Protein chains: 2
Amino acid sequence: MNSKVLAAADIGGTTIKMGLFHSSGDLIDQWEIPTDTSNDGAQVPAHLAASLSQYMDKHEIAKENVQGLGVGCPGFMDMENGVVHHAVNIGWRDFPLKQKLQDETDLPVIVDNDANVAAIGEMWKGAGNDEADCLCITLGTGVGGGVIVNNDIVHGSSGIAGEIGHVSVVRENGAPCNCGRTGCLETIASATGIVRLALDALQADETPSLLRNRDEVTSQAVFEAATKGDELAQSVVSFMSRELGHALAQIAVVLNPSVIVLGGGVSKAGATLLDPVRKAFEQSALPLVSSACEIKQAVLGNDAGIVGCAWLVREKISGN
Amino acid sequence: MNSKVLAAADIGGTTIKMGLFHSSGDLIDQWEIPTDTSNDGAQVPAHLAASLSQYMDKHEIAKENVQGLGVGCPGFMDMENGVVHHAVNIGWRDFPLKQKLQDETDLPVIVDNDANVAAIGEMWKGAGNDEADCLCITLGTGVGGGVIVNNDIVHGSSGIAGEIGHVSVVRENGAPCNCGRTGCLETIASATGIVRLALDALQADETPSLLRNRDEVTSQAVFEAATKGDELAQSVVSFMSRELGHALAQIAVVLNPSVIVLGGGVSKAGATLLDPVRKAFEQSALPLVSSACEIKQAVLGNDAGIVGCAWLVREKISGN
């Protein structure tokens, strides 16, 4: 058993979340630094390395006792070589992130995308409960996903596996999706999709609703209204949950996961969302598949990423 | 590099296909023995071991030079412990196949189900071209599948991953499926499903068709008639291919495979099937996913199983 320290950095467009972990996954310390996007993000590796060094000193952790640095990053990348092709929020284009961080920190570095490290984090220490086969779905502005199979993240042949938001749900006359097609799961199960469904329903007729005459309809308002018995809101939640549960069931008959974790802002609706999703899932999946699979709410929130980064170091960078 | 010999046995209800391979996957010899289903299949391990020993003698292969025996088997099983819960064609119930074969052969043994070993075989030495991420779909009496991710077979949390035949395709008023639900891919893309679609079309009206007044409509006859320009047959092939291509696209956006291999009797239709399936796939998948993925016809036929068994030994049983 390797007992070295695991270093983690989850890079976002505004802040970099950082952490030091014991190899068990227990947290030693976590902190944030701002992401310096000036000069197309050129200083990010140096700043990150300086901050890591400072916290290693604070905790009296020598470099020889750190197994490596795991990094999560937004954008499209070559994960094997750690080159970020394009990260628009940071300014990187064909940026050799892994090499630069290795040079700056003198540590082995492993890089993966932010959705994947968040999924791994939930799998390892969150709602995934360290299960070997699980799906993590993020229901936010869009719908993202991370797929864990045989205890490892699935990248696919060109690094774009997990595009669960672009499973086709409405095959005819679906709403336009950001991907250029129509009827994707993201057009229905994202916060944006839920608001669109509610606005469409409000415009369709004069049904009274708590959602009328608000300055702004949000997905949170839709779930709150549904909880209060608002029929229009309930019909939106019911449709969205049925389609999400159905889509998850199709993936589950192929992958037979033991857990599906729902995270992101929309998942904060809790049982108002999870109960109907579970019901639709059970109706749509093979009984042997649905009886083997729990659907749970994510628990780690924004900390999932650094936990996943620590897992990457533990599992992918050989110690000693 | 381990250069030991790999032994393989793909057990079916009528015959057991057997093989000896170099560790490269090159065949040394292959042969068949009948499956003795008398006495609830109790003698199968002893017969299999005797036949293997005979062929090892023939090729002057000493036991020390065999890395292990890989076994494919039908039915529902605990792959980790090699216990077959139920294999109706052989007569086994809670049969400790792995232990019995280890006792009889004095070799390390690994057991997996027949659909998985066939998928692994196609992945390693067939149309899968040793790609790390591929799907193998068998279009036969039913629709089965094997999922390869990160160069390994996906079993799922309870050993039933790959049930691609039970992806839901027709959500309302679908035909009944053997699984007890309706509208599964198997009701459309299996040989049985194609025949049903053709018979339904023939009964619906009086459209002239080459398929009328035959003693029996087979899926092969449907594809042959379609090739000859028969409109009714073409409409069946068109519907079936569109639904199959759409279903494959949904799986591909989640797993981003580089190859999807279509095997089984229905796949013998070749381009008549593959061309429209490819077209539907490209229309339904994210462009980045479809451009990364080839759809190909299986090439190994009934030999895929023993090749996959040899791979299991090579990858899962440590040599020396």
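A. Broad picture of the relation of the copies chain B and chain A. In screw terms, the move from chain B to chain A is a rotation of 180 degrees and a rise of 0.0 Å along the axis, fitting with an RMSD of 0.0 Å. What the superposition gives is, in effect, a two-fold axis relating one chain to the other. By C-alpha distance to the rotation axis, the residue of chain B lying nearest is Ile-251 of chain B, at 3.4 Å.

B. A look at unusual backbone geometry. Phi is positive for Asp-130 of chain A, which is not a glycine, with a value near 60 degrees. Along the chain, Asp-130 of chain A turns up in the loop between α3 (114-125) and β9 (134-139). Despite not being glycine, Asn-213 of chain B shows a phi value in the positive range, around 60 degrees. Within the secondary structure, Asn-213 of chain B sits in the loop between α5 (191-204) and α6 (219-227). Its relative accessible area of 81% is what places Asn-213 of chain B among the exposed residues.

C. Quick peek at the state of the cysteines. Inspection of every chain in the model, using the stated rule, returns zero disulfides over all chains. Between Cys-184 of chain A, a free cysteine, and Cys-179 of chain A, which holds the nearest cysteine sulfur, the sulfur-to-sulfur gap is 3.7 Å. Note on Cys-136 of chain B: no disulfide assigned, nearest cysteine sulfur contributed by Cys-134 of chain B at a separation of 4.4 Å.

D. Representation of the pairing of strand β7 (residues 92-95) of chain A. All names here are of chain A. One ladder, built from three bridges, connects strand β6 (residues 83-87) with β7; its direction is antiparallel. Paired with His-86 across the two strands is Arg-93, which belongs to β7. Where β6 folds back onto β7 in an antiparallel hairpin, the turn is made up of four residues, including Gly-91, whose phi is positive at roughly 105 degrees.

E. Representation of α6 of chain B within the structure. Of the residues making up α6 of chain B, those classed as buried are Ser-219, Ala-221, Val-222, Phe-223, Ala-225 and Ala-226 of chain B. Elements that come into contact with the buried residues of α6 of chain B comprise α5, α7 (231-255) and α8 (271-284) of chain B.

F. Inspection of the packing of aromatic side chains at higher detail. Residues and elements named next belong to chain A. Under the definition given, this model contains four aromatic pairs over all chains. Considering the side-chain rings of Trp-92 and Phe-95, the 4.5 Å spacing of their centres and the 5 degrees angle between planes classify their relative orientation as stacked. Considered together, Trp-92 and Phe-95 belong to a single accessibility category, that of buried residues. Its guanidinium or amino end placed over the ring of Trp-124, Lys-125 lies 4.9 Å from that ring's centre, counting from NZ or CZ.

G. The arrangement of the confidence of the model for chain A in detail. On average, residues of chain A score 94 in pLDDT, and 99% of them are at 70 or above. Quick note on the complex model: pTM equals 0.91, ipTM equals 0.90.

H. How the structure looks around the packing of helix α7 (residues 231-255) of chain A against helix α8 (residues 271-284) of chain A. Residue and element names in this part refer to chain A. Where α7 meets α8, the closest approach of the two axes is 7 Å, and the angle between their N-to-C directions is 50 degrees. Considered as vectors, α7 and α8 are oriented oblique to each other. Note that α7 runs across α8; the crossing there is right-handed. Here Val-237, Met-240, Ser-241, Arg-242, Leu-244, Gly-245, His-246, Leu-248, Ala-249, Gln-250 and Ala-252 of α7 lie close against α8, whose contacting residues are Thr-272, Leu-273, Pro-276, Val-277, Ala-280, Phe-281 and Ser-284.

I. Examining the pattern of salt bridges more closely. Applying the stated criterion across every chain yields a total of 16 salt bridges over all chains. We note a salt bridge from Arg-171 of chain A to Glu-243 of chain B, for which the minimum N-O separation is 2.8 Å. Of this pair, Arg-171 of chain A sits in the loop between β11 (152-153) and α4 (186-189) while Glu-243 of chain B sits in helix α7, which puts the two residues in different chains. With a relative accessible area of 38%, Arg-171 of chain A lands in the partly exposed category. It is possible to trace a salt-bridge network through shared partners that takes in Arg-171 of chain A together with Arg-242 and Glu-243 of chain B.

J. Representation of the sheet that holds strand β7 (residues 92-95) of chain B in the model. Residue and element names in this part refer to chain B. In spatial order, the strands read β5-β6-β7; together these three strands make up an open sheet with antiparallel pairing. Either end of the sheet is taken by a strand with one partner, and the two such strands are β5 (76-78) and β7. When the angles between neighbouring strand axes are averaged without regard to direction, this sheet yields 15 degrees.

K. A look at the packing of α6 of chain B against α7 of chain B. Residues and elements named next belong to chain B. Look at α6 against α7: their axes get within 7 Å of each other, and the N-to-C directions meet at 115 degrees. On the basis of the axis angle, α6 is roughly perpendicular to α7. The two elements α6 and α7 cross, and the hand of that crossing is left-handed. Of α7, the residues touching α6 (which contributes Val-222, Phe-223, Ala-225 and Ala-226) are Ala-233, Gln-234, Val-236 and Val-237. Across the contact of α6 with α7, the residue classes tally to seven nonpolar, one polar and no charged.

Definitions and cut-offs
Residues numbered from 1 in each chain as written. Chains lettered and ligands numbered in written order. Predicted model: local features only at pLDDT ≥ 70, side-chain atom pairs only at ≥ 80, totals over all residues. Heavy atoms only, no water. Least-squares fit on C-alpha atoms with pLDDT ≥ 70 in both. Helix = DSSP H or I, 4+ residues; strand = E, 2+ residues; numbered from the N terminus. Buried < 20%, exposed > 50% of the residue type's maximum accessible area, 1.4 Å probe, protein only. Disulfide = S-S within 2.5 Å. Pairing = 2+ DSSP bridges. Contact = heavy atoms within 4.5 Å. Phe/Tyr/Trp six-rings, centres within 6.5 Å; stacked < 30°, edge-to-face > 60°. Lys NZ or Arg CZ within 6 Å of the ring centre and 35° of its normal. pLDDT = per-residue confidence, 0-100. Axes fitted to C-alpha atoms, helices over the stretch in contact; angles between N-to-C directions. Parallel < 35°, antiparallel > 145°, perpendicular 65-115°, else oblique. Left-handed = near helix turned anticlockwise from the far one by under 90°. Salt bridge = Lys/Arg side-chain N within 4 Å of Asp/Glu carboxyl O. Nonpolar A, V, L, I, M, F, W, Y, C, P; charged D, E, K, R; others polar.

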